[in-house]
Amino acid sequence: MKHYAVFQMPETINYGRRAFQTIGKEASLRGRRALVISDPVMDKLGYVNEGRKYLTESNMESVVYSGVESEPTDVYVTEALQLFRTKQCDVVISLGGGSCIDTAKAVAVLASNEGYIGDYRGGKKTVNVKPAPHLAVPTTAGTGSEATDVTVITNTTDDVKMMIKQPAFMPDVAIVDPALTLSSPKHVTAATGIDALSHAIEAYVSKKSHPMADSMALSAMNLIVQHLKTAYREGDNLDAREAMSLAAMQAGIAFSNASVCLVHGMSRPIGALFHVPHGYSNAMLLPAVLEFSRKEAVDRLADVGRIFSPGGLSSNEQAADHAVSSVKELCRELHIPNLKEWGIDKQEFESVISKMSADAWDSGSPASNPRVPTLYEMEELYRVCYDYDFSQMSPVVRNRG
Ligand SMILES: NC(=O)c1ccc[n+]([C@@H]2O[C@H](COP(=O)([O-])OP(=O)(O)OC[C@H]3O[C@@H](n4cnc5c(N)ncnc54)[C@H](O)[C@@H]3O)[C@@H](O)[C@H]2O)c1
Ligand SMILES: [Fe+2]
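The following refers to the structure shown.

So, how was this worked out
Residues numbered from 1 in each chain as written. Chains lettered and ligands numbered in written order. Predicted model: local features only at pLDDT ≥ 70, side-chain atom pairs only at ≥ 80, totals over all residues. Heavy atoms only, no water. Donors = N, O, S within 2.8 Å, 3.2 Å for Na, K, Ca; no water. Tetrahedral: all angles 85-135°; square planar, octahedral: opposite > 155°, others 65-115°. Helix = DSSP H or I, 4+ residues; strand = E, 2+ residues; numbered from the N terminus. Expected span 1.5 Å × (residues − 1). Bend = angle between axes of the 7 residues up to and from the residue. Buried < 20%, exposed > 50% of the residue type's maximum accessible area, 1.4 Å probe, protein only. Contact = heavy atoms within 4.5 Å. Near = heavy atom within 4 Å. Polar contact = N/O pair within 3.5 Å; in protein donor to acceptor, adjacent residues only side chain to side chain. Areas by Shrake-Rupley, 256 points an atom, 1.4 Å probe, with all protein chains shown as cover. Nonpolar A, V, L, I, M, F, W, Y, C, P; charged D, E, K, R; others polar. Salt bridge = Lys/Arg side-chain N within 4 Å of Asp/Glu carboxyl O.

With that out of the way, let us pick up the coordination of the iron ion (ligand 2). For the iron ion (ligand 2), every protein donor is listed as Asp195 (OD), His199 (NE2), His264 (NE2) and His278 (NE2), and the spread of their distances is 2.1 Å. Geometry at the iron ion (ligand 2) is irregular, judged from the 4 donor atoms that bind it and their angles of 87 to 171° at the metal. Taken in chain order, the donor set of the iron ion (ligand 2) reads D-x3-H-x64-H-x13-H. With a gap of 69 residues between them, Asp195 in helix H6 (residues 186-205) and His264 in helix H9 (residues 262-274) connect regions that are remote in the sequence.

Below is the structure:
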């Protein structure tokens, strides 16, 4: 745990039912012509037109880029940035899941700073000119990207999902309206919900955890444990959706100010090479990585276990085990597949395990894990997760732990 930290979040957060309607007012405080970065699903559902209506009511002009068709690549960033420049926009609005928000973060920074987005990875280049104002409107309850200083963009040249973190990537305004998540299909609700849970748990067990981030992580875990299953089963339950939107944002604030760890480090290469959606690739790894980390994080995991079952868990050892088994049970209830069930060919997977482990390590996230793995241990974990059984304690990892 760190004993000193600078805590950051968006300068304005409009959270709650009908928050979406404030988009025009917030944008007009910051510019005159907005580039709305979204995806075809948001367009089809009418969210893009609704947003533009609120913008027009506040005398804002708007231009739309709805080309974000999957988890973002540098190609989407280039296309959207070109539109921002040719249409002389001065505000960026992201409307969609983490994919749209991350694309917009890159565009906002590159609108006023030079170079390729990957140049900003690992602090090689720092953002020194204030980015274009960015208003983020999430439509999933998962990434928390609306309140993080991280963007994740795939480099299409070497198939690396780049995690790029600098304060300048933090959106200026987060507009979090749970009603926008009501249309989220079951598989997206499951994947994004586990992503939020992974953020909260990883921030809480991280070597970079600190009390300010802990409070956000604990609140997020409580909300997720109470409401994710309901949001999954009853997609139209606004109370459950509202709790999940809050939890996702809090979990985002937690990890952005602490860190994510081994799950996210190992998850990004799976996303880059096999196009498994981010939440699923986390869920496929989370229980096994918790088993791997358990010994070095008993007390913290015990707190997680007691969130799943308040009372009745006398020892921390017992409560930490309960955390792991409860996460597995949640994965089962949300019908999370393992990598084999997802349809990934075993030989193909085996052939890239060493690249994935190296890429995971290079991201820096595994170094924040309570138990820092060797490259060999990451390779073994990938093998364990390939055909992981969510109904049992994995003997391979357990024995090594
Ligand atoms: N920057 C960060 O802090 C951060 C944190 C975690 C993950 N990420 C990144 O975010 C991306 C994943 O974002 P995501 O999980 O939100 O998924 P997503 O944005 O890729 O969306 C997944 C699918 O759900 C659809 N969808 C989204 N909202 C919907 C709604 N309300 N109704 C119907 N359909 C809807 C989208 O159109 C898309 O088809 C990944 O690239 C991941 O790496 C970023
Ligand atoms: Fe994530």
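After that view, the rundown keeps rolling.
We now examine helix H7 (residues 211-233). For H7, which comprises 23 residues, the first-to-last C-alpha distance of 33 Å matches the rise-based estimate of 33 Å (1.5 Å per residue) to within 8%. A maximum bend of about 45° is found in H7 at His227. What H7 keeps buried is the set Ala213, Asp214, Met216, Ala217, Ala220, Met221, Leu223, Ile224, Leu228, Thr230, Ala231 and Tyr232. In this fold, the buried residues of H7 make contact with H6, helix H8 (238-257), helix H11 (298-308) and helix H12 (316-333).

In the vicinity of ligand 1, 30 residues are found, and the nearest of them are Asp39, Gly98, Ser99, Thr140 and Thr148. Ser183 places a side-chain nitrogen or oxygen 2.8 Å from a nitrogen atom of ligand 1. Here ligand 1, which alone exposes 870 Å², has 89% of that area covered by the protein. For the shell around ligand 1, the secondary structure elements donating two or more residues are helix H2 (40-45), helix H5 (98-110), strand E6 (150-155) and H6. Class assignment for the residues of the shell around ligand 1 results in 10 nonpolar, 14 polar and 6 charged.

Below, the discussion takes up the pattern of salt bridges. Inspection of the entire model under this criterion finds 20 salt bridges. For Glu333, the salt bridge is made with Arg233, and the minimal N-O distance between the two is 3.8 Å. In this pair, Glu333 is assigned in helix H12 and Arg233 in helix H7, connecting sequence segments 100 residues apart. In this structure Arg233 comes out as exposed when scored by relative accessible area, which is 52%.

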